[in-house]
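# Geometric and topological summary
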Amino acid sequence: MASAVGVTRTSFFLDKLQSLSGIVPIGAYLAEHFFENSYALVSPDKYNYIASKLETVPWRIPLEFLLIWLPILFHGCYGLYIWWNGKANAIGHPWMTNWLYVLQRWTGIIVFAFIGYHVWTVRFLSHGKTTYADIAHAMANPWIVAIYAIGILAASFHLGNGLWNFSCKWGFAVTPESQRAAGWFGACVAIVFAVIGLAIIAGFRFHWTPFDTYL
Amino acid sequence: MPDKTVIVRIKRRQRPDEPARWEEFELRYRPHMNVITCLRDIAERPVTRDGRESSPASYEANCLEEVCGACAMLINGEPRQACSALVDNLEQPICLEPLSKFPLVRDLVVDRSKMFEDLKRTHCWIPIDGTYDLGEGPRMSPATQETGYPLARCMSCGNCLEICPKVNEHTQFVGAAIISQVRLFNMHPTGKLHSAERLEALMGPGGIQDCDNSQNCVKVCPKGIPLTESIAAMNGQVIRHALKTWFTGHD
Ligand code: HEM
Ligand code: SF4
Ligand code: FES
(Lines give C-alpha, C1' and ligand atoms only; values in the text may rest on other atoms or scores of the structure.)
(Ligands and ions follow the chains in the order given, each with its own letter.)
Protein backbone atom coordinates (compact mmCIF):
# COMPACT_ATOMS: atom_id res chain seq x y z
CA MET A 1 0.00 0.00 0.00
CA ALA A 2 1.37 3.41 -0.86
CA SER A 3 0.01 6.69 0.46
CA ALA A 4 -0.14 10.08 -1.19
CA VAL A 5 3.41 10.92 -0.11
CA GLY A 6 4.75 7.60 -1.31
CA VAL A 7 5.46 5.92 2.03
CA THR A 8 4.42 2.36 2.68
CA ARG A 9 1.77 1.80 5.29
CA THR A 10 2.22 -1.95 5.63
CA SER A 11 3.66 -1.85 9.13
CA PHE A 12 1.03 0.69 10.24
CA PHE A 13 -1.70 -1.63 9.01
CA LEU A 14 -0.22 -4.80 10.54
CA ASP A 15 0.52 -3.12 13.89
CA LYS A 16 -3.02 -1.81 14.16
CA LEU A 17 -4.42 -5.18 13.12
CA GLN A 18 -2.36 -6.90 15.84
CA SER A 19 -3.63 -4.41 18.39
CA LEU A 20 -7.27 -4.75 17.31
CA SER A 21 -7.07 -8.55 17.10
CA GLY A 22 -6.21 -8.68 20.81
CA ILE A 23 -9.66 -7.19 21.57
CA VAL A 24 -11.76 -8.63 18.75
CA PRO A 25 -11.88 -11.47 18.13
CA ILE A 26 -9.37 -12.82 20.70
CA GLY A 27 -10.50 -10.91 23.80
CA ALA A 28 -14.15 -11.38 22.88
CA TYR A 29 -13.56 -15.10 22.37
CA LEU A 30 -11.83 -15.33 25.75
CA ALA A 31 -14.94 -13.80 27.37
CA GLU A 32 -17.19 -16.24 25.52
CA HIS A 33 -14.90 -19.16 26.43
CA PHE A 34 -14.91 -18.29 30.15
CA PHE A 35 -18.67 -17.91 30.04
CA GLU A 36 -19.29 -21.28 28.35
CA ASN A 37 -16.92 -23.02 30.74
CA SER A 38 -18.73 -21.47 33.69
CA TYR A 39 -21.42 -24.08 32.99
CA ALA A 40 -19.08 -26.38 34.90
CA LEU A 41 -20.23 -24.38 37.93
CA VAL A 42 -23.86 -25.31 37.16
CA SER A 43 -23.59 -29.06 36.79
CA PRO A 44 -21.60 -31.72 34.89
CA ASP A 45 -24.67 -32.55 32.79
CA LYS A 46 -25.29 -28.96 31.83
CA TYR A 47 -21.58 -28.59 30.98
CA ASN A 48 -21.63 -31.65 28.74
CA TYR A 49 -24.83 -30.47 27.10
CA ILE A 50 -23.37 -27.05 26.28
CA ALA A 51 -20.11 -28.62 25.09
CA SER A 52 -21.91 -30.99 22.74
CA LYS A 53 -23.98 -28.08 21.42
CA LEU A 54 -20.76 -26.17 20.64
CA GLU A 55 -19.34 -29.26 18.94
CA THR A 56 -22.16 -29.15 16.39
CA VAL A 57 -22.21 -25.43 15.61
CA PRO A 58 -22.83 -25.03 11.84
CA TRP A 59 -19.71 -24.03 9.86
CA ARG A 60 -17.67 -24.97 12.92
CA ILE A 61 -14.30 -25.49 11.23
CA PRO A 62 -14.24 -22.29 9.12
CA LEU A 63 -15.62 -20.31 12.06
CA GLU A 64 -12.99 -21.67 14.42
CA PHE A 65 -10.32 -21.03 11.85
CA LEU A 66 -11.29 -17.43 11.07
CA LEU A 67 -12.36 -16.29 14.52
CA ILE A 68 -9.95 -18.21 16.75
CA TRP A 69 -6.92 -19.93 15.22
CA LEU A 70 -5.89 -17.42 12.60
CA PRO A 71 -6.26 -14.33 14.85
CA ILE A 72 -4.38 -15.97 17.75
CA LEU A 73 -1.59 -17.16 15.47
CA PHE A 74 -1.30 -13.76 13.83
CA HIS A 75 -1.54 -11.82 17.11
CA GLY A 76 0.98 -14.11 18.80
CA CYS A 77 3.53 -14.32 15.98
CA TYR A 78 3.35 -10.64 15.16
CA GLY A 79 3.44 -9.99 18.93
CA LEU A 80 6.76 -11.82 19.11
CA TYR A 81 8.06 -9.68 16.24
CA ILE A 82 6.95 -6.52 18.12
CA TRP A 83 8.69 -7.84 21.22
CA TRP A 84 11.90 -8.46 19.28
CA ASN A 85 11.71 -4.89 17.94
CA GLY A 86 11.87 -3.40 21.43
CA LYS A 87 14.66 -3.20 23.99
CA ALA A 88 13.11 -3.31 27.44
CA ASN A 89 14.83 -1.23 30.11
CA ALA A 90 12.58 -1.70 33.14
CA ILE A 91 15.41 -2.97 35.38
CA GLY A 92 17.31 0.31 35.19
CA HIS A 93 14.14 2.44 34.98
CA PRO A 94 11.53 0.67 37.11
CA TRP A 95 8.48 2.85 36.50
CA MET A 96 5.17 1.01 36.72
CA THR A 97 4.20 1.52 33.08
CA ASN A 98 7.65 0.31 32.03
CA TRP A 99 7.06 -2.93 33.98
CA LEU A 100 3.62 -3.26 32.40
CA TYR A 101 5.35 -3.11 29.00
CA VAL A 102 7.59 -6.02 30.04
CA LEU A 103 4.75 -8.00 31.63
CA GLN A 104 2.56 -7.61 28.53
CA ARG A 105 5.23 -9.48 26.61
CA TRP A 106 5.98 -12.20 29.14
CA THR A 107 2.29 -12.89 29.81
CA GLY A 108 1.78 -13.02 26.03
CA ILE A 109 4.31 -15.81 25.58
CA ILE A 110 3.00 -17.68 28.65
CA VAL A 111 -0.51 -17.51 27.20
CA PHE A 112 0.80 -18.65 23.80
CA ALA A 113 2.49 -21.69 25.35
CA PHE A 114 -0.55 -22.42 27.49
CA ILE A 115 -2.92 -22.21 24.52
CA GLY A 116 -0.67 -24.66 22.67
CA TYR A 117 -0.82 -27.15 25.56
CA HIS A 118 -4.55 -26.58 26.17
CA VAL A 119 -5.54 -27.00 22.53
CA TRP A 120 -3.33 -30.04 22.12
CA THR A 121 -4.85 -31.85 25.09
CA VAL A 122 -8.54 -30.90 25.07
CA ARG A 123 -9.00 -30.41 21.35
CA PHE A 124 -6.69 -32.70 19.39
CA LEU A 125 -6.00 -35.61 21.73
CA SER A 126 -9.74 -35.87 22.41
CA HIS A 127 -10.82 -35.00 18.85
CA GLY A 128 -12.77 -32.06 20.23
CA LYS A 129 -15.01 -34.25 22.40
CA THR A 130 -13.75 -33.44 25.88
CA THR A 131 -16.28 -34.05 28.64
CA TYR A 132 -16.66 -32.75 32.19
CA ALA A 133 -15.29 -36.03 33.50
CA ASP A 134 -12.14 -35.76 31.34
CA ILE A 135 -11.31 -32.33 32.69
CA ALA A 136 -12.22 -33.20 36.27
CA HIS A 137 -9.92 -36.20 35.94
CA ALA A 138 -7.05 -34.04 34.65
CA MET A 139 -7.64 -31.50 37.45
CA ALA A 140 -7.02 -34.19 40.05
CA ASN A 141 -3.36 -33.63 39.21
CA PRO A 142 -2.08 -30.53 41.11
CA TRP A 143 0.48 -29.79 38.37
CA ILE A 144 -2.28 -29.46 35.82
CA VAL A 145 -4.19 -27.19 38.20
CA ALA A 146 -1.04 -25.04 38.47
CA ILE A 147 -0.60 -24.90 34.69
CA TYR A 148 -4.21 -23.80 34.23
CA ALA A 149 -4.00 -21.25 37.04
CA ILE A 150 -0.87 -19.70 35.49
CA GLY A 151 -2.44 -19.68 32.01
CA ILE A 152 -5.63 -18.05 33.31
CA LEU A 153 -3.83 -15.42 35.38
CA ALA A 154 -1.49 -14.56 32.50
CA ALA A 155 -4.37 -14.31 30.01
CA SER A 156 -6.42 -12.14 32.41
CA PHE A 157 -3.52 -9.76 32.99
CA HIS A 158 -2.67 -9.66 29.30
CA LEU A 159 -6.23 -8.79 28.31
CA GLY A 160 -6.72 -6.20 31.08
CA ASN A 161 -3.43 -4.43 30.40
CA GLY A 162 -4.09 -4.82 26.67
CA LEU A 163 -7.37 -2.90 27.06
CA TRP A 164 -5.42 -0.02 28.59
CA ASN A 165 -2.85 -0.17 25.78
CA PHE A 166 -5.62 -0.31 23.24
CA SER A 167 -7.41 2.75 24.56
CA CYS A 168 -4.18 4.77 24.36
CA LYS A 169 -3.12 3.35 20.99
CA TRP A 170 -6.40 4.08 19.26
CA GLY A 171 -6.76 7.53 20.75
CA PHE A 172 -9.80 6.72 22.92
CA ALA A 173 -8.09 7.76 26.15
CA VAL A 174 -6.05 10.91 25.54
CA THR A 175 -5.83 12.95 28.75
CA PRO A 176 -3.87 11.61 31.74
CA GLU A 177 -7.19 11.33 33.62
CA SER A 178 -8.87 9.22 30.96
CA GLN A 179 -5.74 7.07 30.56
CA ARG A 180 -5.75 6.44 34.30
CA ALA A 181 -9.45 5.55 34.15
CA ALA A 182 -8.77 3.17 31.25
CA GLY A 183 -6.02 1.60 33.34
CA TRP A 184 -8.42 1.00 36.23
CA PHE A 185 -11.01 -0.37 33.84
CA GLY A 186 -8.42 -2.81 32.47
CA ALA A 187 -7.44 -3.80 36.01
CA CYS A 188 -11.09 -4.53 36.85
CA VAL A 189 -11.47 -6.62 33.69
CA ALA A 190 -8.32 -8.55 34.59
CA ILE A 191 -9.60 -9.22 38.12
CA VAL A 192 -13.03 -10.35 36.89
CA PHE A 193 -11.47 -12.73 34.35
CA ALA A 194 -9.02 -14.09 36.93
CA VAL A 195 -11.77 -14.71 39.49
CA ILE A 196 -14.06 -16.43 36.96
CA GLY A 197 -11.21 -18.51 35.54
CA LEU A 198 -9.98 -19.65 38.95
CA ALA A 199 -13.57 -20.41 40.02
CA ILE A 200 -13.93 -22.70 37.00
CA ILE A 201 -10.74 -24.56 37.97
CA ALA A 202 -12.09 -24.91 41.52
CA GLY A 203 -15.37 -26.20 40.09
CA PHE A 204 -13.63 -28.99 38.20
CA ARG A 205 -11.22 -29.85 40.97
CA PHE A 206 -13.69 -29.94 43.86
CA HIS A 207 -16.86 -30.79 41.89
CA TRP A 208 -18.10 -27.47 43.10
CA THR A 209 -21.40 -26.45 41.48
CA PRO A 210 -22.54 -23.22 43.17
CA PHE A 211 -25.04 -22.37 40.37
CA ASP A 212 -26.77 -25.74 40.58
CA THR A 213 -29.93 -24.42 42.17
CA TYR A 214 -32.42 -21.86 40.94
CA LEU A 215 -32.39 -18.99 43.42
CA MET B 1 43.18 17.97 47.36
CA PRO B 2 40.78 20.19 49.36
CA ASP B 3 38.49 18.57 51.99
CA LYS B 4 35.41 18.48 49.86
CA THR B 5 35.69 17.10 46.36
CA VAL B 6 33.49 15.89 43.55
CA ILE B 7 34.26 12.62 41.80
CA VAL B 8 33.25 12.39 38.16
CA ARG B 9 33.59 9.28 35.98
CA ILE B 10 33.38 9.80 32.25
CA LYS B 11 32.96 7.19 29.54
CA ARG B 12 35.34 8.28 26.82
CA ARG B 13 35.98 7.50 23.20
CA GLN B 14 38.10 9.59 20.83
CA ARG B 15 36.40 8.02 17.85
CA PRO B 16 33.13 6.07 17.55
CA ASP B 17 34.90 2.88 16.50
CA GLU B 18 37.38 2.68 19.37
CA PRO B 19 36.61 0.82 22.61
CA ALA B 20 35.27 2.96 25.44
CA ARG B 21 37.37 3.65 28.53
CA TRP B 22 36.35 5.18 31.84
CA GLU B 23 38.28 8.09 33.31
CA GLU B 24 37.83 9.34 36.84
CA PHE B 25 38.43 12.92 37.91
CA GLU B 26 38.42 14.49 41.36
CA LEU B 27 37.44 18.16 41.44
CA ARG B 28 37.37 20.83 44.10
CA TYR B 29 33.79 21.23 45.37
CA ARG B 30 32.16 24.63 45.13
CA PRO B 31 28.55 25.47 46.06
CA HIS B 32 25.94 25.28 43.27
CA MET B 33 28.10 23.23 40.91
CA ASN B 34 26.37 21.46 38.05
CA VAL B 35 27.64 18.84 35.63
CA ILE B 36 28.70 21.45 33.05
CA THR B 37 30.83 23.23 35.68
CA CYS B 38 32.47 19.88 36.39
CA LEU B 39 33.22 19.36 32.70
CA ARG B 40 34.67 22.88 32.49
CA ASP B 41 36.88 22.25 35.51
CA ILE B 42 38.11 19.06 33.87
CA ALA B 43 38.85 20.95 30.65
CA GLU B 44 40.86 23.48 32.66
CA ARG B 45 43.00 20.80 34.28
CA PRO B 46 42.52 17.45 32.55
CA VAL B 47 44.41 15.28 35.05
CA THR B 48 42.77 12.05 36.16
CA ARG B 49 42.37 10.98 39.76
CA ASP B 50 45.41 8.72 39.53
CA GLY B 51 47.53 11.64 38.27
CA ARG B 52 47.58 10.83 34.56
CA GLU B 53 47.62 13.69 32.05
CA SER B 54 44.48 13.37 29.89
CA SER B 55 42.52 15.62 27.53
CA PRO B 56 39.38 17.73 28.02
CA ALA B 57 36.26 15.61 27.55
CA SER B 58 34.18 16.74 24.60
CA TYR B 59 30.58 17.74 25.32
CA GLU B 60 27.96 20.04 23.87
CA ALA B 61 26.27 22.92 25.69
CA ASN B 62 24.91 26.31 24.74
CA CYS B 63 22.21 27.96 26.81
CA LEU B 64 23.17 26.63 30.26
CA GLU B 65 19.55 27.11 31.30
CA GLU B 66 17.79 24.03 29.96
CA VAL B 67 16.31 25.56 26.83
CA CYS B 68 18.64 24.56 23.99
CA GLY B 69 18.72 20.79 24.50
CA ALA B 70 22.39 20.42 23.53
CA CYS B 71 23.78 19.05 26.80
CA ALA B 72 21.68 15.86 27.06
CA MET B 73 23.67 12.89 28.32
CA LEU B 74 23.34 9.92 30.65
CA ILE B 75 24.00 11.12 34.18
CA ASN B 76 24.12 8.20 36.61
CA GLY B 77 22.23 6.24 33.96
CA GLU B 78 19.38 8.72 33.49
CA PRO B 79 19.03 10.77 30.30
CA ARG B 80 18.96 14.42 31.35
CA GLN B 81 20.44 17.85 30.80
CA ALA B 82 23.91 18.37 32.25
CA CYS B 83 23.37 22.09 32.79
CA SER B 84 20.45 21.56 35.17
CA ALA B 85 21.95 18.52 36.95
CA LEU B 86 23.14 19.98 40.24
CA VAL B 87 26.05 18.21 41.90
CA ASP B 88 24.40 18.60 45.31
CA ASN B 89 21.51 16.40 44.14
CA LEU B 90 23.64 13.69 42.53
CA GLU B 91 25.09 10.54 43.98
CA GLN B 92 28.87 10.28 43.62
CA PRO B 93 30.83 9.23 41.71
CA ILE B 94 28.85 11.06 39.04
CA CYS B 95 28.85 8.79 35.98
CA LEU B 96 28.65 10.54 32.63
CA GLU B 97 27.96 8.65 29.42
CA PRO B 98 26.88 9.79 25.96
CA LEU B 99 23.27 9.07 24.91
CA SER B 100 23.27 5.53 23.54
CA LYS B 101 20.54 5.74 20.89
CA PHE B 102 22.34 8.24 18.64
CA PRO B 103 25.57 7.83 16.65
CA LEU B 104 28.55 8.79 18.78
CA VAL B 105 30.80 11.62 17.67
CA ARG B 106 33.28 11.75 20.54
CA ASP B 107 33.19 11.40 24.34
CA LEU B 108 29.82 12.88 25.39
CA VAL B 109 28.92 14.28 21.97
CA VAL B 110 26.37 12.45 19.84
CA ASP B 111 24.85 13.22 16.46
CA ARG B 112 21.14 13.93 16.87
CA SER B 113 20.46 14.79 13.23
CA LYS B 114 17.99 11.87 13.12
CA MET B 115 15.58 14.12 15.02
CA PHE B 116 15.99 16.97 12.57
CA GLU B 117 15.57 14.62 9.61
CA ASP B 118 12.39 13.20 11.17
CA LEU B 119 11.02 16.70 11.82
CA LYS B 120 11.51 17.38 8.11
CA ARG B 121 10.07 14.00 7.11
CA THR B 122 6.91 14.69 9.13
CA HIS B 123 6.57 18.22 7.77
CA CYS B 124 7.01 19.88 11.16
CA TRP B 125 6.97 23.44 9.96
CA ILE B 126 4.37 25.87 8.62
CA PRO B 127 5.00 27.04 5.06
CA ILE B 128 4.18 30.73 4.87
CA ASP B 129 6.49 31.82 2.08
CA GLY B 130 4.88 32.44 -1.26
CA THR B 131 5.46 34.46 -4.39
CA TYR B 132 3.30 37.19 -2.91
CA ASP B 133 2.45 38.42 0.56
CA LEU B 134 -0.05 35.99 2.04
CA GLY B 135 -1.15 38.51 4.63
CA GLU B 136 -1.93 37.80 8.24
CA GLY B 137 -2.76 34.27 9.26
CA PRO B 138 -5.97 33.34 11.03
CA ARG B 139 -6.17 33.91 14.77
CA MET B 140 -5.55 31.16 17.27
CA SER B 141 -7.99 30.64 20.09
CA PRO B 142 -6.64 31.08 23.63
CA ALA B 143 -7.56 27.46 24.37
CA THR B 144 -5.42 26.21 21.47
CA GLN B 145 -2.60 28.50 22.58
CA GLU B 146 -2.75 27.01 26.04
CA THR B 147 -2.57 23.45 24.75
CA GLY B 148 0.11 24.32 22.19
CA TYR B 149 2.48 26.35 24.35
CA PRO B 150 3.77 23.44 26.46
CA LEU B 151 4.37 21.42 23.27
CA ALA B 152 6.33 24.32 21.78
CA ARG B 153 8.89 24.04 24.59
CA CYS B 154 10.46 20.93 23.05
CA MET B 155 14.21 21.52 22.57
CA SER B 156 15.01 18.29 20.66
CA CYS B 157 17.26 17.12 23.47
CA GLY B 158 16.52 13.48 22.63
CA ASN B 159 15.98 12.25 26.20
CA CYS B 160 12.55 10.86 25.30
CA LEU B 161 14.08 8.85 22.44
CA GLU B 162 16.91 7.59 24.62
CA ILE B 163 14.51 6.14 27.22
CA CYS B 164 12.10 4.56 24.69
CA PRO B 165 12.33 0.75 24.32
CA LYS B 166 11.18 1.04 20.70
CA VAL B 167 13.90 3.48 19.61
CA ASN B 168 16.79 1.18 18.68
CA GLU B 169 18.54 -0.26 15.66
CA HIS B 170 15.61 -2.60 14.88
CA THR B 171 13.20 0.25 14.19
CA GLN B 172 13.18 3.65 12.55
CA PHE B 173 10.76 4.93 15.19
CA VAL B 174 10.57 8.74 15.15
CA GLY B 175 9.91 8.87 18.90
CA ALA B 176 7.71 10.93 21.21
CA ALA B 177 9.19 14.37 20.48
CA ILE B 178 8.38 14.26 16.77
CA ILE B 179 4.85 12.92 17.32
CA SER B 180 4.24 15.72 19.79
CA GLN B 181 5.54 18.29 17.29
CA VAL B 182 3.16 16.98 14.64
CA ARG B 183 0.36 17.57 17.14
CA LEU B 184 1.58 21.14 17.68
CA PHE B 185 1.75 21.95 13.98
CA ASN B 186 -1.60 20.30 13.24
CA MET B 187 -3.13 22.43 15.96
CA HIS B 188 -2.01 25.69 14.38
CA PRO B 189 -4.69 27.35 12.24
CA THR B 190 -2.30 27.72 9.27
CA GLY B 191 -0.41 24.51 10.00
CA LYS B 192 -3.69 22.59 9.77
CA LEU B 193 -3.66 23.09 6.00
CA HIS B 194 -0.87 20.52 5.80
CA SER B 195 -2.15 18.10 8.42
CA ALA B 196 -2.77 15.31 5.88
CA GLU B 197 0.91 15.26 4.87
CA ARG B 198 2.01 15.06 8.50
CA LEU B 199 -0.46 12.31 9.36
CA GLU B 200 0.57 10.28 6.34
CA ALA B 201 4.23 10.61 7.28
CA LEU B 202 3.31 9.36 10.77
CA MET B 203 1.78 6.24 9.17
CA GLY B 204 4.98 5.43 7.32
CA PRO B 205 7.89 3.24 8.42
CA GLY B 206 8.98 4.20 11.94
CA GLY B 207 5.72 6.06 12.43
CA ILE B 208 3.37 6.32 15.37
CA GLN B 209 2.44 2.61 15.20
CA ASP B 210 5.83 1.78 16.71
CA CYS B 211 4.78 3.27 20.06
CA ASP B 212 4.01 0.43 22.49
CA ASN B 213 2.93 2.62 25.37
CA SER B 214 5.73 2.03 27.88
CA GLN B 215 5.14 5.72 28.72
CA ASN B 216 8.80 6.24 29.66
CA CYS B 217 9.14 9.36 27.49
CA VAL B 218 6.90 11.53 29.63
CA LYS B 219 8.92 10.65 32.74
CA VAL B 220 12.23 11.97 31.42
CA CYS B 221 11.19 15.04 29.42
CA PRO B 222 12.99 17.96 31.09
CA LYS B 223 10.37 20.36 29.74
CA GLY B 224 7.43 18.49 31.25
CA ILE B 225 5.76 18.05 27.85
CA PRO B 226 2.62 15.84 28.07
CA LEU B 227 4.07 13.35 25.59
CA THR B 228 1.75 10.41 26.27
CA GLU B 229 -1.23 12.71 25.80
CA SER B 230 0.25 13.92 22.50
CA ILE B 231 0.84 10.36 21.31
CA ALA B 232 -2.71 9.25 22.15
CA ALA B 233 -4.14 12.38 20.52
CA MET B 234 -2.13 11.71 17.36
CA ASN B 235 -3.12 8.04 17.38
CA GLY B 236 -6.73 9.24 17.18
CA GLN B 237 -5.97 11.74 14.40
CA VAL B 238 -3.97 9.22 12.38
CA ILE B 239 -6.60 6.48 12.65
CA ARG B 240 -9.47 8.82 11.76
CA HIS B 241 -7.45 10.10 8.80
CA ALA B 242 -6.57 6.56 7.66
CA LEU B 243 -10.18 5.40 7.82
CA LYS B 244 -11.55 8.52 6.21
CA THR B 245 -9.14 8.58 3.29
CA TRP B 246 -9.37 4.81 2.76
CA PHE B 247 -13.16 4.79 2.66
CA THR B 248 -14.02 8.15 1.19
CA GLY B 249 -10.76 9.54 -0.21
CA HIS B 250 -9.19 12.97 0.24
CA ASP B 251 -11.43 16.03 0.42
C1 HEM C 1 -5.70 -15.23 24.96
C2 HEM C 1 -4.83 -14.74 24.16
C3 HEM C 1 -4.50 -13.28 24.00
C4 HEM C 1 -5.25 -12.17 24.25
C5 HEM C 1 -6.64 -12.10 24.80
C6 HEM C 1 -4.46 -11.02 23.89
C7 HEM C 1 -4.86 -9.71 23.98
C8 HEM C 1 -4.08 -8.62 23.73
C9 HEM C 1 -4.51 -7.26 23.78
C10 HEM C 1 -5.90 -6.79 24.10
C11 HEM C 1 -3.44 -6.48 23.48
C12 HEM C 1 -3.40 -4.98 23.43
C13 HEM C 1 -3.39 -4.47 22.06
C14 HEM C 1 -2.75 -3.13 22.01
O15 HEM C 1 -1.61 -2.98 22.47
O16 HEM C 1 -3.36 -2.21 21.48
C17 HEM C 1 -2.34 -7.33 23.28
C18 HEM C 1 -1.08 -6.90 23.02
C19 HEM C 1 -0.04 -7.74 22.87
N20 HEM C 1 -0.07 -9.11 22.80
FE21 HEM C 1 -1.66 -10.27 23.12
N22 HEM C 1 -3.24 -11.44 23.47
C23 HEM C 1 -3.25 -12.82 23.52
C24 HEM C 1 -2.24 -13.66 23.19
C25 HEM C 1 -1.00 -13.22 22.92
C26 HEM C 1 0.03 -14.09 22.60
C27 HEM C 1 -0.09 -15.61 22.52
C28 HEM C 1 1.12 -13.34 22.40
C29 HEM C 1 2.47 -13.90 22.03
C30 HEM C 1 3.59 -13.52 22.43
C31 HEM C 1 0.74 -11.95 22.58
C32 HEM C 1 1.58 -10.86 22.49
C33 HEM C 1 1.19 -9.54 22.62
C34 HEM C 1 2.08 -8.41 22.61
C35 HEM C 1 3.59 -8.44 22.46
C36 HEM C 1 1.30 -7.28 22.77
C37 HEM C 1 1.81 -5.87 22.90
C38 HEM C 1 1.58 -5.08 21.68
C39 HEM C 1 1.78 -3.65 21.98
O40 HEM C 1 2.03 -3.27 23.13
O41 HEM C 1 1.66 -2.87 21.05
N42 HEM C 1 -0.57 -11.91 22.89
N43 HEM C 1 -2.74 -8.64 23.41
S1 SF4 D 1 9.86 16.04 24.03
FE2 SF4 D 1 11.02 16.57 25.91
S3 SF4 D 1 12.53 14.90 26.12
FE4 SF4 D 1 11.74 14.79 24.03
S5 SF4 D 1 13.18 15.98 22.79
FE6 SF4 D 1 11.54 17.41 23.37
S7 SF4 D 1 12.24 18.36 25.28
FE8 SF4 D 1 13.55 16.56 24.95
S1 FES E 1 23.12 23.77 27.73
FE2 FES E 1 21.17 24.16 26.81
S3 FES E 1 19.96 22.66 27.73
FE4 FES E 1 21.82 22.41 28.80
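Residues numbered from 1 in each chain as written. Chains lettered and ligands numbered in written order. Predicted model: local features only at pLDDT ≥ 70, side-chain atom pairs only at ≥ 80, totals over all residues. Heavy atoms only, no water.

## Regarding the interface of chain B and chain A
- Each partner contributes to the interface: chain B provides 35 residues, whereas chain A provides 35 residues.
- Here chain B and chain A share four salt bridges between them.
- The residue K87(A) makes a salt bridge to E169(B) at a minimum N-O spacing of 2.7 Å.
- The tally of links from chain B across to chain A stands at 16 residue pairs in polar contact (both at pLDDT 80 or more).
- At the level of secondary structure, the elements contributing two or more residues to the side of chain B that touches chain A comprise β4 (78-81), α6 (195-202), α7 (217-220) and α8 (227-248) of chain B. (Contact = heavy atoms within 4.5 Å. Salt bridge = Lys/Arg side-chain N within 4 Å of Asp/Glu carboxyl O. Polar contact = N/O pair within 3.5 Å; in protein donor to acceptor, adjacent residues only side chain to side chain. Helix = DSSP H or I, 4+ residues; strand = E, 2+ residues; numbered from the N terminus.)

## Focus on the domain arrangement of chain B
Residue and element names in this part refer to chain B.
- We note that the domain assignment places domain 1 (5-110) and domain 2 (113-248) within chain B.
- Computed from C-alpha atoms alone, the centre-to-centre distance between domain 1 and domain 2 is 31 Å.
- Both faces combined, the contact of domain 1 with domain 2 buries some 1100 Å², and carbon together with sulfur accounts for 56% of it.
- When the buried surface of domain 1 facing domain 2 is broken down by residue, P79, K101 and F102 rank first, second and third, together holding 51% of it. (Domains from an automatic or database assignment. Buried area = accessible area lost by both parts, 1.4 Å probe.)

## Some remarks on the sheet that holds strand β5 (residues 94-97) of chain B
Residues and elements named next belong to chain B.
- Here we have five strands laid out as an open sheet, ordered β2-β1-β5-β3-β4, and mixed in their pairing. Looking along the sheet, the strands with just one partner apiece sit at the ends: β2 (21-28) and β4. Taken over all neighbouring pairs, the strand axes of this sheet differ in orientation by 35° on average, direction set aside.
- In terms of strand pairing, strand β1 (residues 5-12) meets β5 through three bridges, oriented parallel. In the strand pairing of β5, V8 is matched with I94. (Pairing = 2+ DSSP bridges. Axes fitted to C-alpha atoms, helices over the stretch in contact; angles between N-to-C directions.)

## Examining the packing of helix α4 (residues 96-124) of chain A against helix α6 (residues 142-169) of chain A
All names here are of chain A.
- Between α4 and α6, whose axes approach to 8 Å, the crossing angle comes to 135°. It follows that α4 is oblique to α6 by the angle criterion. Of the two possible hands of crossing, α4 and α6 adopt the one that is left-handed.
- Across the contact of α4 with α6, the residue classes break down as 15 nonpolar, eleven polar and no charged. (Parallel < 35°, antiparallel > 145°, perpendicular 65-115°, else oblique. Left-handed = near helix turned anticlockwise from the far one by under 90°. Nonpolar A, V, L, I, M, F, W, Y, C, P; charged D, E, K, R; others polar.)

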